[in-house]
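# Overview (structure and organization)
So the chains spell out like this:
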Amino acid sequence: MDLAFTEDEEDFRHRLRAWLADALPKLPDPPHPADWPGRRAYDCGWQRMLHDAGYAGLHWPEDAGGRGVTPTQHLIFLEETERAGAPYVGAGFVGLLHAGPTIAAEGTPEQRARWLPPILRGDEVWCQGFSEPDAGSDLASLRTRAVRDGDAYVISGSKIWTSHAEIADWCELLVRTAPLNADTPKHRGITWLAMPMDAPGVTVRPLRTLAGTAEFAEVFLDEVRVPVTNRVGAENDGWRVTMVTLSFERGTAFVGEVVACRRVLEALARTAKAGGRWDDAVLRRRLGRLAAECAALWRLTQWNVSEAQRTGGVPGVGGSVFKLRFSQVRQELYEAAAEVLGPDALDAGQEWVADRLSSLSYTIAAGTSQIQRNIVAERILGLPKGR
Amino acid sequence: MDFQLTDDQRALKAGMRELLERRFPRSRLRAAVDGEAERGAEVDRELWRELGAAGLFALRVPESAGGVGLGLPEAVLAFEEAGRALLPGPLAATELTAHLSAAGRLADGDAAAGSLVAGAVRGETVVTALDQGGALVEHLASADAVLALGATAVEVIPAGAVARSAESIRSVDPATPLHRPAPYRTAPHGAAPQREAPQRGAPHGAAPQREAPQRGAPHGTAPTRVAPQRTAVAGTGASGEATTGVAASGPAARLRREAALLTAAQQLGSASRTVELAVEHAKRRTQFGRPIGAFQAVQHLCAGMLVRAESARSVVYAAAVTEEPGDIAAAKLLADEAAVRNARDCLQVHGGMGFTWESDVHLHLKRAWVRAGQWQCAAEAEEELAAGLLSTVGACL
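Residues numbered from 1 in each chain as written. Chains lettered and ligands numbered in written order. Predicted model: local features only at pLDDT ≥ 70, side-chain atom pairs only at ≥ 80, totals over all residues. Heavy atoms only, no water.

### Remarks on the overall build of chain B
- Helix and strand content of chain B: 14 helices and nine strands.
- A burial count over chain B gives 58% of its 397 residues as buried.
- Put simply, 69% of the contacts in chain B that link residues at least 6 apart link residues at least 24 apart.
- Carbon and sulfur atoms form 53% of the exposed surface of chain B, whose accessible area is close to 15,200 Å². (Helix = DSSP H or I, 4+ residues; strand = E, 2+ residues; numbered from the N terminus. Buried < 20%, exposed > 50% of the residue type's maximum accessible area, 1.4 Å probe, protein only. Contact = heavy atoms within 4.5 Å. Areas by Shrake-Rupley, 256 points an atom, 1.4 Å probe, with all protein chains shown as cover.)

Laid out in structure tokens, this is it:
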């Protein structure tokens, strides 16, 4: 049980801090949230700065163009960039955290050479075409069909919850290449493809969320032709290929968010103090409890990262446990924010009100809390398969 | 950074678990709670000495003083195992006294008082605690000595002196006898903490000669007290309200934090154990033709229990490493919650059996209630954490 950082780790942190202090003032003003081309340019510009400074793909293996840093160094990177107020990964999310690592692990040398460098440089943006209207939590039941026609797949179907679809160059797409039937498990017969978003037959329709913004899109595919050479891994092996990405998850997925939680909580306390609400013991204790929850999230993160550092891979128990607690705490945080705000909690122009609305997705996105509890119950606690 | 347990720490934890399984098996626990209430709840001296010989009270004592020479993380791991086994007895107070005594932090009293604490390291002395906060005193009838904490000062007094004026209550936890120390029955809330410590029979306005409880120092035994490191009573806890009169620094404050952490460690052990008990039962118990653990309603209760236990684990272990007051407050708060709520959910998973005396579940719940009321209770922890939000802007999580 050692929470002290090594000399190398401290050195890494100090060099990063120095670079951030120099680099961040050079950033342009952030774009309006509805300005998608502007957001793409901003996010990609930041990625390019990271790349040129040697901070791109820190957690990627070196033979994929990454830096191959330890999970602890990655933790430090995410902590320091968040503290310094650096931009979020934004449009680079899918490329850097999902598609890229998948290609790095499963792609051919040609595929790696084609797709990985532009992701690291911030030249190309990826989106994710996994979920479908009828395949959400039950992802493996997806129905978007791909039929082989010569040297191409012809794809028809629809995808949903696709972030950054409007501005993406590529889509990591899961398609069904063998029909769903009772004899074979449904996760067989799925294939992973890299689909160019400008291919004929691709239609993007933005989805307006309850927050009023268009963070997601539906993607309709009408006989879209994708070259067979864009397939990563074997035909019908796409489920396994996708799961490989998980081995890149080293407990660091929410580092920035946890740092942000603490910052919001401190701001809430200061606001309550300034507005006279701090005399309310119920509110004060509520914020105190949230401080304990934030501390637990931070320590759980350090625990999971340390575990990943030891095992070199998937944090076993940690991921779902963390996600369950985190998503709940994040929502409780903004409930407390509403109490601090009082009547202003109905002013959608307030930052915390917008964040309160966004936080409603936390117990749904990336595996609902119910699915996470199923995972914990069956895979960690060893309870019988649920009904 | 490597937050995971070292091989030595894992071995220590496993060794402690094995020792307790051997020396304090379930049959011993059941004998204590199923037999005569009075006899069963006494501290088992033989077991206490055995735990002492195994080093439970000497983990933090330097090797030069006959201890094991380890730190708070190791003590926390051992106490977690004790909590898992529902080991009864004033473990934290005895460990703290052993540590104080060996560190030479108890000033020389007379020989009798000195001998009171000297045996704590080896488990020859049972020491319970009396905190000025108003908590009940556990295992007073079995104790030789009492570690008494005033606002800032600390002293060890013979147990008989406290016992004479304390009132035995019928403890909700059959394995933890409890006494209500007299001053706290009568002092109005908020009044007592203004004084340094309970002053039996001292006339109002009479300046106390000493800081910690005086029970007339019978038999000529002067209390053994912490070497004077007087710190002005800051009188400010988190908000300046809930913890009035308790100093944030000084020997008593430090002991309170260590006691809170060692108590949190036991809560963690219990919280993890009730997850196991619930899961074992859910796998075994069949209804509607399948194990109840195959129903999501039950699965999700169990999953929530694991999340609580693991969240508590992360802060308890971190607090053992950092020893920061904020970390310790978070540890106590979340470990208390994990222990109590996991025991509740475990009881629910057990259905009707969970409501019986025969089941062990209620023992976990009742002990968790006892511990949640000891040292830093939820209100104090939350106030301390809230104050930390205003004072540590931009600081580490």
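### Let's talk about a nonpolar patch on the surface
Residue and element names in this part refer to chain A.
- A cluster of nonpolar residues, Tyr88, Phe93 and Leu97, forms a patch on the protein surface that exposes about 290 Å² of accessible area.
- Residue placement: Leu97 occurs in helix α4 (residues 93-106).
- Given a relative accessible area of 32%, Leu97 falls into the partly exposed group. (Patch = residues over 30% accessible without salt bridge, like charges linked within 9 Å, V, L, I, M, F, W, Y side chains within 5 Å. Salt bridge = Lys/Arg side-chain N within 4 Å of Asp/Glu carboxyl O.)

### What to know about the confidence of the model for chain B
- Looking at chain B, pLDDT values average 84 and 78% of them are 70 or higher.
- Predicted confidence is poor over residues 184-221 of chain B, with pLDDT under 50, and the contacts of this stretch with residues over four places away or in other chains come to 66 contacts. (pLDDT = per-residue confidence, 0-100.)

### A closer look at unusual backbone geometry
- Unusually for a residue other than glycine, A:His164 sits at a positive phi of about 60 degrees.
- At B:Leu86, a position not held by glycine, the phi torsion is positive, near 55 degrees.
- Summarising the element assignment, B:Leu86 is placed in the loop between α5 (72-84) and α6 (91-102).

### With respect to the sheet that holds strand β6 (residues 178-180) of chain B
Residues and elements named next belong to chain B.
- If you trace the three strands from one edge of the open sheet to the other, you get β2-β6-β5, paired in antiparallel fashion. A single partner strand is all that each edge strand has here, and the edge strands are β2 (137-138) and β5 (167-169).
- In the sheet, β5 pairs with β6 via three bridges, with the strands oriented antiparallel. Bridged to Ile169 within β6 is Leu178. (Pairing = 2+ DSSP bridges.)

### Side note on the interface of chain A and chain B
- Residue-level contacts link 58 residues of chain A with 58 residues of chain B.
- Approximately 5,300 Å² of surface area, both sides summed, lies buried where chain A meets chain B, with 63% of it carried by carbon and sulfur atoms.
- At the boundary of chain A with chain B, the tally comes to seven salt bridges.
- When contributions to the side of chain A that touches chain B are tallied by element, the ones reaching two or more residues are α3 (71-83), α7 (255-274), α8 (281-311), α9 (318-341) and α11 (369-380) of chain A.
- Grouping the constituent residues of the side of chain A that touches chain B by class yields 29 nonpolar, 10 polar and 19 charged. (Buried area = accessible area lost by both parts, 1.4 Å probe. Nonpolar A, V, L, I, M, F, W, Y, C, P; charged D, E, K, R; others polar.)

### Remarks on the packing of aromatic side chains
All names here are of chain A.
- The full count for this structure, using the stated rule, is 17 aromatic pairs over all chains.
- Aromatic side chains Trp115 and Trp126 sit 5.9 Å apart centroid to centroid with 85 degrees between the ring planes, which places their arrangement in the edge-to-face category. Placement of Trp115 in helix α5 (residues 109-121) and of Trp126 in strand β1 (residues 126-129) is noted, with a sequence separation of 11 residues between them.
- Classification of Trp115 by relative accessible area gives buried; the value is 3%.
- The class of Trp126 is buried, set by a relative accessible area of 0%.
- Here the aromatic residues Phe12, Trp19, Trp46, Tyr55 and Phe77 are joined through ring pairs into a cluster of three or more.
- Positioned above the aromatic ring of Phe5, the side-chain terminus of Arg13 is 4.8 Å from the ring centre. (Phe/Tyr/Trp six-rings, centres within 6.5 Å; stacked < 30°, edge-to-face > 60°. Lys NZ or Arg CZ within 6 Å of the ring centre and 35° of its normal.)

### What about the nonpolar core?
Residues and elements named next belong to chain B.
- One finds Leu51, Val316 and Tyr317 to be the most contacted residues of the largest nonpolar core, which totals 158 residues.
- It is helix α10 (residues 251-284) that provides the largest number of residues to this core, a total of 15 residues.
- Discounting residues that sit within four places of it in the chain, Leu51 has contacts with Met16, Leu19, Leu20, Leu56, Phe57 and Leu87. (Core = buried A, V, L, I, M, F, W, Y, C linked by side-chain atoms within 4.5 Å.)

### Re the pattern of salt bridges
- Applying the stated criterion to the full structure yields 63 salt bridges over all chains.
- For B:Lys13, the salt bridge identified is with B:Glu80, shortest N-O distance 3.2 Å. Here B:Glu80 lies in helix α5 and B:Lys13 lies in helix α1 (residues 7-23), a separation of 67 residues in the sequence. As far as burial versus exposure is concerned, B:Lys13 and B:Glu80 are alike and both buried.
- What emerges from the salt-bridge pattern is a single network uniting A:Glu10, A:Arg13, A:Arg17, A:Glu79, A:Glu80 and A:Arg83.

### Looking at α8(A)
Residue and element names in this part refer to chain A.
- Between its terminal C-alpha atoms α8 stretches 45 Å, which fits the 45 Å expected from 31 residues at 1.5 Å a residue.
- A large share of α8 lies buried, amounting to 23 of its 31 residues.
- One side-chain oxygen of the residue at the start of α8 lies 2.9 Å from the amide nitrogen of Val282, identifying that residue as Asp280.
- Gly312 sits one or two positions beyond α8 and adopts a positive phi of about 75 degrees. (Expected span 1.5 Å × (residues − 1). Polar contact = N/O pair within 3.5 Å; in protein donor to acceptor, adjacent residues only side chain to side chain.)

### As for the packing of α5(B) against helix α11 (residues 296-322) of chain B
All names here are of chain B.
- Packing of α5 against α11 brings their axes to within 7 Å, and their N-to-C directions diverge by 145 degrees. Judged by the sense of rotation from one axis to the other, the crossing of α5 with α11 is right-handed. Across the interface between the two elements, Leu72, Pro73, Val76, Leu77 and Glu80 of α5 pack against Arg313, Val316, Tyr317, Ala320 and Val321 of α11.
- Here the residues of the contact of α5 with α11 sort into eight nonpolar, no polar and two charged. (Axes fitted to C-alpha atoms, helices over the stretch in contact; angles between N-to-C directions. Left-handed = near helix turned anticlockwise from the far one by under 90°.)

### With respect to the environment of A:Thr209
Residues and elements named next belong to chain A.
- Relative to the assigned elements, Thr209 resides in the loop between β6 (202-207) and β7 (216-227).
- For Thr209, a relative accessible area of 22% corresponds to the partly exposed category.
- Taking the C-alpha atoms as reference points, Thr209 and Ser361, separated by 152 residues in sequence, lie 9.7 Å from one another.
- If we skip the residues at most four places from it in the chain, Thr209 touches Glu215 and Phe216.

### Here we look at the environment of A:Leu324
- Its location among the elements puts A:Leu324 in helix α9.
- We classify A:Leu324 as buried; its relative accessible area is 6%.
- Taking C-alpha positions, A:Leu324 is 7.6 Å from A:Thr363, a pair spaced 39 residues apart along the chain.
- The contact partners of A:Leu324, leaving out residues within four places of it in the chain, are A:Ser369, A:Gln372, A:Arg373, A:Val376 and B:Val307.

### Comments concerning the side chain of B:Thr125
Residues and elements named next belong to chain B.
- Tracing the backbone through its elements, the reader meets Thr125 in the loop between α7 (111-118) and β1 (127-131).
- Owing to a relative accessible area of 6%, Thr125 belongs among the buried residues under this scheme.
- Excluding residues that lie within four positions of it along the chain, Thr125 makes contacts with Arg45, Trp48, Thr94, Ser115, Leu116, Gly119, Ala120 and Asp144.

### Re the packing of α1(B) against helix α4 (residues 45-53) of chain B
Residue and element names in this part refer to chain B.
- Between α1 and α4, the least distance of the axes is 12 Å, while the angle of their chain directions is 160 degrees. With respect to α4, the axis of α1 lies roughly antiparallel. Handedness of the crossing formed by α1 with α4: right-handed. Taking contact as the criterion, the partners of Met16, Leu19, Leu20 and Arg23 in α1 are, on α4, Glu46, Leu47, Glu50 and Leu51.
- For the contact of α1 with α4, a count of residues per class yields five nonpolar, no polar and three charged. (Parallel < 35°, antiparallel > 145°, perpendicular 65-115°, else oblique.)

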